[in-house]
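Examination of the molecular architecture
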Amino acid sequence: MRLAILAFAAGVITLQQQAELPPAWPWALAGLAGAAFAVLPVSTVVLRRAFRIAGILACLALGFAWAAWRADLRLADELAGAWEGRDIAVTGVIAGLPQDFANGTRFEFAVESVSTATAQVPARVTLSWYQGRRDDEDFVRQPVRPGERWRFTVRLKRPHGNANPFGFDYEAWLLERDIRATGYVRPAPAERLAAMVWQPDYVIERARDAIRRQFFATLPPAEHPWAGILVALAIGDQKAVNGELWTTFNRTGTTHLMSISGLHVTMVAALFGLAAGWAWRRVPALALRLPAQRAALLAGLVAAMVYALLAGFAVPAQRTLYMLAVAAAAMGSGRCIAPSRTLCLALLAVLLADPWAVLAAGFWLSFGAVGALLYVGNNLPGEGRGWRARVRAWGLVQWAATLASLPVLLLVFQQFSLVSPLANALAIPVISFVVTPLALFGALLPWWPVLALAHTVMDGLMLFLGWCAAWPVWNAPAPPLWAALAAAFGVAVLLLPRGVPGRLLGAILLLPVLFWPAERPPPGEARITVLDVGQGLATVVRTHAHTLVYDPGPLYSAESDAGQRVVVPYLRALGIDRVDVLMITHRDSDHAGGSASVRSALAVGRIVASTGEPGSEPCRAGQAWEWDAVRFTVLHPAAEDYGHERKANNLSCVLRVEAGGQAMLLTSDIEARDEAALLARDRAALAADVLLVPHHGSGTSSTPDFLAAVDAREAVIPAGYRNRFGHPRPAVVERLAAAGTRLWRTDRDGAVSIRMDAAGIVTTAWRHERRRYWQAGPDARPQLP
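Residues numbered from 1 in each chain as written. Predicted model: local features only at pLDDT ≥ 70, side-chain atom pairs only at ≥ 80, totals over all residues. Heavy atoms only, no water.

Quick look at helix α1 (residues 2–15) now. Compared with the 20 Å implied by 1.5 Å per residue over 14 residues, the 20 Å span of α1 between its first and last C-alpha is a close match. For α1, the complete set of buried residues consists of I5, A7, F8, A9, G11, V12 and L15. (Helix = DSSP H or I, 4+ residues; strand = E, 2+ residues; numbered from the N terminus. Expected span 1.5 Å × (residues − 1). Buried < 20%, exposed > 50% of the residue type's maximum accessible area, 1.4 Å probe, protein only.)

Laid out in structure tokens, this is it:
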């Protein structure tokens, strides 16, 4: 059975790697035929083995078919492209916890009906309701709560996220949550039609909202910095945790404790089960009707289910709940089921409910950690007695969990906390057995001393974690998949019992994932990547031994920017921990917003900017340097431009990069007057093979004379999907096409990479290289002249 479930899981995983969604029925027929063949009676060993292999392949085909069928159903619920960006009147229910941000509220909305004729809207969407001061007009913030029925006028767009190497796949995340469109509420009057819609899922979300409100009312976040952690532990709302705290948790390897983990669910089940069993035994009539042991099992399972639902039913909670259900059923029936079989049944249940769970790192960390603990438990020769044996067992558990997470962390996040075992040795018991019970007790009994005590305990723990966070973190370039798989096998070998020969092989198998070398361009080659950061600009230029960042990207919110979300993860995945030159072309937030995050996360040699910020040197026409046989030349602004009152765009740093006889011109947000100045200053210097189109393809730039002087074979437009400025303008696109220029766009193609050397130019785009069936948008091919 275990091998069959693993084969089913392999089929699900294989489907999620497909560029196009195949039909499910051929695979389902093949799987059913293989299963029927596998159960035929056989008399010889050879046939028995052949039929067993057929059964495994049948399970793989069925897993593939199941995931394909579920994906087909989900993708069918879509917003028609013709209705993107148009006003649509909808009626529905607030379906999840609303999340406040600086200028409004964001929430999931279950659409019940559409009033706009012929409009077809998905059943579940995410809406942002901007409420606050905007354009010198006052808006009154209207609170919303889960379960309320509202009528809104909205504008929607199909799921779309930034597409970058080593980046977060927002579109896959939306697909897993069954959110098939995103948008915002229009200023037209909104109407609340019902205070509460009494459906089970809405009742649960309203209860979660009530607990969160109670916590924040009792512990105002302004005076209680850990209040959000208590909310996350009680109801699984990780967005309640201050964004800066996640840096501490990541550096100490304790992120898993700030969500509802399997240990938390198990603890709740055990506490309620013990309490129910104790009470049941003291009522003879109940004990005669149902044995106390079974009553305790049932009570614990119900408590675990309620807690998992209140916590948002994440993968760790699902896995634990299903494992508890299998174990309770086995114990209640008097049967004994191996722990590994219980874990596999939980895996099957998770994949049947959510085939997209395999796309999340949490899925692999959760099942990997539990699998490692069960593996270590099976390999222990026996249990010792005394405190020394208990300390040794606890240390072995920490060692197993740490090793099991290492391949996944280095493959997905390219970093690993060296202090994680020490931090978790204290944090796990404190969070699991002190803070979480107090938070849950405070949720059930709104008495402020309980929550105050939990917050006081967190004071001490966060002081310890802050000290641990100062320790170094192991950073390594993103390893290939084979190295991570080899490391996983190495972990299994290392966790074998002492005395088993060959354990040293496990340590050897870990070496590739720990010390994978950073890939650098050879001398004379430049690799330029225009990252997909939405409506903004972030570009990385790499030579053999140097790195330049040309704008660190936009500011998204008070707690988030492209430097933190895109640029730094990209550089770390490449094994780059130092930026030789950070060029901030001008002060607009869509270009300079990620500067602080880049400077705080990485060592920066020089800052060249037109912003005049402290510690920087101005970019001026005539500046030039050479790295590894790659030439860099600044063409704009001129030194005298700083002496006049100008728009920020007119001071944009223009950089020319030359390698192997090829050239790319990076133009930031220059406008027509700046293009004219460049033409007058040195027209010949503008000639380039690749052009970063000025000002995101705005109509104020890319004049015909300028484009003719550049005469680029290829052009890249950094623009956000369906941005409010209408970039790129159709006239600019037509102008480039008329000139015979191949056009690439980050909103359509994702991150665009250019490799320049003596052999020529090779341009690729991330959405083409890593195409997945759920990706929305127009044809993925580049626009040809």
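Here the narrative resumes.
This next bit is on the sheet that holds strand β23 (residues 714–717). The mixed open sheet is built from seven strands, whose spatial order is β18-β19-β20-β21-β22-β23-β24. A strand with exactly one partner marks an edge of an open sheet, and here the two such strands are β18 (624–627) and β24 (742–745). On average, adjacent strands in this sheet sit at an angle of 20 degrees to one another, irrespective of strand direction. Looking at chain direction, strand β19 (residues 630–636) and strand β20 (residues 654–659) are connected through six bridges and run antiparallel. By the bridge assignment for β20, T633 is matched with R656. This element, helix α22 (residues 672–682), spans β19 and β20 of the sheet and lies at about 115 degrees to β19. (Pairing = 2+ DSSP bridges. Axes fitted to C-alpha atoms, helices over the stretch in contact; angles between N-to-C directions. Contact = heavy atoms within 4.5 Å.)

Let's shift gears to unusual backbone geometry. With an omega dihedral of 5 degrees, the bond running from H636 to P637 counts as a cis peptide bond. Residue position: P637 is located in the loop between β19 and β20. Between H727 and the following residue, P728, the backbone shows a cis peptide bond with an omega angle of -5 degrees. Despite not being glycine, T118 shows a phi value in the positive range, around 70 degrees. Along the polypeptide, T118 turns up in the loop between β3 (104–114) and β4 (124–130).

The next point concerns the environment of T611. As for its position among the elements, T611 is in the loop between β16 (603–609) and β17 (617–618). A relative accessible area of 28% places T611 in the partly exposed class. On a C-alpha basis, the gap between T611 and V197 in space is 53 Å, while along the polypeptide they are 414 residues apart. Setting aside residues up to four positions removed in sequence, T611 forms contacts with I584, H586 and R587. In this structure the side chain of T611 is engaged in a polar contact, spanning 3.1 Å, whose partner is the side chain of E613. (Polar contact = N/O pair within 3.5 Å; in protein donor to acceptor, adjacent residues only side chain to side chain.)

Here we take up the nonpolar core. Counting residues in hydrophobic clusters, the biggest one holds 39 residues, and the most contacted among them are F215, I229, F249, I431, M458, L461 and M462. Residues A526, L655, M664 and M756 belong to the second largest nonpolar core, which totals 31 residues. (Core = buried A, V, L, I, M, F, W, Y, C linked by side-chain atoms within 4.5 Å.)

Now for empty space enclosed by the protein. Taking a probe equal in size to a water molecule and rolling it over the atoms shows the remaining empty space. Tallied over the entire structure, the rule returns two cavities of 30 Å³ or more. By volume, the largest cavity amounts to about 50 Å³. A class-by-class count of the residues in the lining of the largest cavity yields six nonpolar, one polar and one charged. (1 Å grid on protein atoms, 1.4 Å probe; cavity = no way out; pocket = protein on both sides within 12 Å on 5 of 7 lines; lining within 4 Å. Points joined across faces, edges and corners; volume = space filled by probe spheres on them. Nonpolar A, V, L, I, M, F, W, Y, C, P; charged D, E, K, R; others polar.)

Within the secondary structure, A592 is located in helix α20 (residues 589–592). Residue class for A592 comes out buried when judged on its relative accessible area of 18%.

Before going further, it helps to examine helix α19 (residues 562–573). Between its first and last C-alpha atoms α19 spans 15 Å; for 12 residues at 1.5 Å apiece the expected length is 16 Å, and the two agree. Residues A562, G563, V566, V567, V568, Y570, L571 and A573 constitute the buried set of α19. One side-chain oxygen at the N-terminal end of α19 lies 2.9 Å from the backbone nitrogen of G563; it belongs to D561. Immediately downstream of α19, the backbone of G575 shows phi near 85 degrees, a positive value.

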